[in-house]
Amino acid sequence: MLCTGRYAETPYFFESICVNIYCVEELCYLLASNPFMIDAEIMDKKLAQWLDEECGLVELSHQLFTLFRRGSQPGIFAGTILDYVNYCSREDKERIDEVLQNNVGLSQYERQKKQGDFLIKNGRYQMAMAEYDRLLLQLPQTEGRLRPSIYHNMGVACCRLFQFENGARYFRKAYELSGNRESGICFLLAVRQQLGDGEYISFIAENETYYEFSLAVEKLMEKARGNFEAGREKRMLSALRIYKEEGNAASYYEEIDGIISELKDKYRENVAQQ
């Protein structure tokens, strides 16, 4: 891999996300994976100076100081860095531009929520939970309308991490605050994953207000089963069963190890802190 500039002896610290960076590629990674951090705070002359003194990127530093003098927008500032390193594909840059355009006119709390939503969409569930937790601690009463959606998305993150009990709790909070049908259905789906069939039926019998939602839950479960039967995972399991029935132990355990390794890698990505 060819890198730009050199590795810094003294890192640059981004206080807003509590992260140290040591080279311009790490800076580009942060900008590309967290486009909601591209705001006025990113345009710090200390960052341009750091790129010069610690990374040896004199030309890039001069370009950034020129942008300061022109009063350029944060998106242009970040784009200049990404273009200099040639870090992003055209599609990535379009995605970042779209985020920046959607960010215009939003409050600080709306931007922070959208950052959490972005992390959810990209499978970074643990990071999203941390972002939402910070937001809830700061959220004033005047921005209370954001709470149901925050709780709903926290429920999504928990369930994607197989933490169904926590997921159910967040979905229930979202439903109680908003009465949103989707949150109510997701609450029952999370409950359904925790309980056995008999326990779940008893739960519905004791909570008749959720009966209508339970019908929707069963339709979704049936659709999920159909998708599984027609999907790649089902074909893999069928192939494994054939290996086992034929006594082909070597192929059977080789495939099992591969599937487990793939699932572990994906789970590690989902729970990554940064």
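Throughout what follows, the structure given in this document is the object of discussion. Being a predicted model, the structure only gives us computed values, none of them experimental.

## Structural notes on the side chain of Ser214
So, step 1. Along the chain, Ser214 falls in helix H12 (residues 211–229).
So, step 2. Under the relative-accessibility criterion, Ser214 is labelled buried at 7%.
So, step 3. Leaving out residues up to four positions away in the same chain, Ser214 has contacts with Leu188, Tyr200 and Ile204.

## Side note on helix H3 (residues 58–70)
So, step 1. With 13 residues, H3 should reach 18 Å at 1.5 Å per residue; the first-to-last C-alpha distance of 19 Å fits that figure.
So, step 2. In the stretch just after H3, Gly71 is the one whose phi turns positive, near 70°.

## Observations regarding the environment of Gly75
So, step 1. Among the secondary structure elements, Gly75 is positioned in helix H4 (residues 74–85).
So, step 2. Judged by its relative accessible area of 29%, Gly75 is partly exposed.
So, step 3. Linking Gly75 and Ile42, residues 33 residues apart in sequence, is a C-alpha distance of 9.5 Å.
So, step 4. In contact with Gly75, not counting residues within four places along its chain, are Ile38 and Leu100.

## A few points about the pattern of salt bridges
So, step 1. Summed over all chains, the structure comprises eight salt bridges.
So, step 2. One salt bridge in this structure joins Arg145 and Glu110, with 2.7 Å as the shortest N-O distance. One end of the pair, Arg145, is in the loop between helix H7 (125–138) and helix H8 (147–160); the other, Glu110, is in helix H6 (residues 108–121), with 35 residues separating them in the sequence.
So, step 3. With relative accessibility at 18%, the residue Glu110 sits in the buried group.
So, step 4. A salt bridge links Glu143 to Arg145; its shortest N-O distance comes to 3.3 Å.
So, step 5. Under the relative-accessibility criterion, Glu143 is labelled buried at 11%.
So, step 6. Residue classification places Arg145 among the exposed residues on the basis of a relative accessible area of 53%.
So, step 7. Among the charged side chains, a salt-bridge network with shared partners connects Glu110, Glu143 and Arg145.

## A look at the packing of aromatic side chains
So, step 1. All chains considered together, the criterion is met by twelve aromatic pairs.
So, step 2. Centre to centre, the rings of Phe68 and Phe77 are 5.5 Å apart; their planes meet at 50°, and the pair counts as tilted. Each member of the pair, Phe68 as well as Phe77, carries the same accessibility label: buried.
So, step 3. Through a chain of ring-to-ring contacts, the aromatic side chains of Tyr175, Phe187, Phe203, Tyr210 and Phe213 assemble into a single cluster.
So, step 4. Lying over the aromatic face of Phe68, Lys45 brings its terminal NZ or CZ to 5.9 Å of the ring centre.
So, step 5. Against the face of Tyr200 rests Arg192, its NZ or CZ located 4.8 Å from the ring centre.

Criteria and thresholds
- Residues numbered from 1 in each chain as written.
- Predicted model: local features only at pLDDT ≥ 70, side-chain atom pairs only at ≥ 80, totals over all residues.
- Heavy atoms only, no water.
- Helix = DSSP H or I, 4+ residues; strand = E, 2+ residues; numbered from the N terminus.
- Buried < 20%, exposed > 50% of the residue type's maximum accessible area, 1.4 Å probe, protein only.
- Contact = heavy atoms within 4.5 Å.
- Expected span 1.5 Å × (residues − 1).
- Salt bridge = Lys/Arg side-chain N within 4 Å of Asp/Glu carboxyl O.
- Phe/Tyr/Trp six-rings, centres within 6.5 Å; stacked < 30°, edge-to-face > 60°.
- Lys NZ or Arg CZ within 6 Å of the ring centre and 35° of its normal.

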